[in-house]
Structures are given as structure tokens and as C-alpha cells.
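Chain by chain, the residues:
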Amino acid sequence: MRRRLAASIAAVACCAAGSAGADLQGWRPAGVHGPYADEVLSRPTDAELLAAWPAAAAARKLPGDAIAACKAHLDGEISDCRVMVQRPAKAGFGEALLSLAPKYRLKPATGARPALADVLISASWPVPDTPPDWRVEPKPGDFATSGNKAFLHRDGPSSAYMHCLLGKLGTFYQCVVVYQDPPGIGLGQMLLRFATYLKFKPAMLNGEPLPVGVTFGFNFYKAKSIDAPSPEETKAH
């Protein structure tokens, strides 16, 4: 079942529906996110990911994650990556992700994808046996918040993504906005308000909970009514 994270902005009669990307049941430690995530062709295998685990961190079995902003060319090649977040800092996880960047690739463009499309790539170490899953699925009103004048005066599609750590107790922390389109209208501020409403089961490794990175994307739009999110409309990656 495809599950998309949905959100409603009740105070301004707006709502935000989960954006494109791999669904939660397809969560992978090597992720591709953003408007063109559904066009992913390849990504690092679990074995390649583990081989890139920073040596000092691997020796200590230290978990970590990183996310980078890149450009995707028309042929699907990904380049110009820059690390947005790495945790823990200065432990080599950002460099490890950049070393894997050539393993990420989109399908050749066949539609309206621009010549240099925005794409986010992420990786989380080590690889869990069991991926994260919903503890409590969203219900109507869970994502009520208020918009601002800049958003209300905006016409056209708007989207934002945040990257969070899912802890051993199934709560999200250290959430960071990593993509906003367009920037400067408060999408990130609205997006961060949703984090406390997300209730998950943690990832598991060898029978123990494992912290992992999870990326959430939302498409924001104005509407006169707010519909309850259905299980088929709710997803994360």
C-alpha cells in the first residue's frame, strides 16, 4: 500500500499533500528525493553503502547519515552535489555520501524535466534489518497550522522537504529544511511544524532500534476545503 504524508493548513483553508518520492514501505538507506524522485534509475546497493561507511565510524559501529543537494542532467547523470546535512558532524558521513554520488542516477528525461533538475540524495549508516514504519498514521487535523501572507499571495505549485533523524524511541529530531520551491515564502517554517505529529516505529538492526535519516516532502496548495488524508495518500521516504 502506498502511503503519503498528508498535511492540512486549516487556519488559512490550505492543505499540503505528500510529494513525490519513494514511499515508506520502500524506504531505503540510500534515498533519492525531490520533484523527480519517481524517475530514479539506480542508487547504491546496501553492500556499496556499507563499503563507504567511514572507517573510524564503522570501527565504533557509529550510526550516521547525510543528505546532499545535486543537479540531474537530461541523460540522468547526477553532478554538482553539495552536502546539506551530515550527522554526526565531522565524522566523514558527508564525504562518504559524495563518494557514492556517481551511483545515483535518474532515468533519461522524456518530459518537462529541466536540463539541470534539482535532486536530493541521502544515505544512512549502517543498513537496518527492518525499515521504519508508521506507529500512528495521520488523521484529519494532525497537520493544522497557519500560513503567511507571502504564501497566500503565491500562485502555482509550492513544495518543501525536510530531513530528520528518527531516534530509537520512534520520535523525530534535528529536522532540517533541505529544499524549498520557491524559497522565501515560509514553506520551511510551516514544514518543520509537522515533525512532532509524525509517529513512527524505529528502524531495527539485530533486534535493537537504530537511528536513521528520513526525508519528508510536501506539496503545498490553497484549497477551500480540507479532506482527510487516506492511507493511499500518505507517504515518506
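As a reminder, the structure under discussion sits directly above these lines.
In this report, we go over the structure that sits alongside the text.

The rules behind these values
Residues numbered from 1 in each chain as written. Predicted model: local features only at pLDDT ≥ 70, side-chain atom pairs only at ≥ 80, totals over all residues. Heavy atoms only, no water. Salt bridge = Lys/Arg side-chain N within 4 Å of Asp/Glu carboxyl O. Helix = DSSP H or I, 4+ residues; strand = E, 2+ residues; numbered from the N terminus. Buried < 20%, exposed > 50% of the residue type's maximum accessible area, 1.4 Å probe, protein only. Polar contact = N/O pair within 3.5 Å; in protein donor to acceptor, adjacent residues only side chain to side chain. Pairing = 2+ DSSP bridges. Axes fitted to C-alpha atoms, helices over the stretch in contact; angles between N-to-C directions. Contact = heavy atoms within 4.5 Å.

The next point concerns the pattern of salt bridges. As enumerated under the stated definition, the model contains 5 salt bridges in all. Ionic pairing is found between Glu 39 and Arg 113, a salt bridge with its closest N-O pair at 2.6 Å. With Glu 39 in the loop between β3 (30-33) and β4 (40-42) and Arg 113 in the loop between β7 (105-106) and β8 (117-125), this pair connects stretches of sequence that are 74 residues apart. The exposure class assigned to Glu 39 is partly exposed, which follows from its relative accessible area of 27%. For Arg 113, a relative accessible area of 6% puts it in the buried group. In this structure, Lys 71 engages Asp 118 in a salt bridge whose closest nitrogen and oxygen atoms are separated by 2.5 Å. Within this pair, whereas Lys 71 is found in strand β5 (residues 64-72), its partner Asp 118 is found in strand β8, the two being separated by 47 residues in sequence. Take Lys 71: its relative accessible area is 28%, and that puts it in the partly exposed class.

It is worth spelling out the side chain of Ser 124 at this point. Along the chain, Ser 124 falls in strand β8. At a separation of 3.3 Å, a polar atom in the side chain of Ser 124 contacts the main-chain amide nitrogen of Gly 213.

Bringing the sheet that holds β8 into the picture now. Judged by pairing direction, the sheet is antiparallel, and its 4 strands sit side by side in the order β3-β8-β5-β6 without closing on themselves. Strand pairing shows two members of the sheet lacking a second neighbour, β3 and β6 (78-87), which therefore form its edges. If you compare each strand with its neighbour and ignore which way they point, the axes differ by 20° on average. The sheet contact formed by β5 and β8 spans 9 bridges and is antiparallel. Residue pairing across strands places Cys 70 opposite Val 119, the latter belonging to β8. Helix α3 (residues 93-100) contacts β5, β6 and β8 of the sheet and is inclined by roughly 40° relative to β5.

What follows concerns unusual backbone geometry. Here the residue pair Arg 87 and Pro 88 is connected by a cis peptide bond, since its omega of -5° sits within 30 degrees of zero. Structurally, the position occupied by Pro 88 is in the loop between β6 and α3. Residue Asp 181 is joined to Pro 182 through a cis peptide bond whose omega torsion reads 0°. The residue Pro 182 is located in the loop between β11 (172-181) and α5 (187-192) in this model. Notably, Lys 61 is not glycine yet its phi reads approximately 55°, a positive angle. Inspection of the secondary structure puts Lys 61 in the loop between α2 (55-60) and β5. The exposed category is assigned to Lys 61, whose relative accessible area is 68%.

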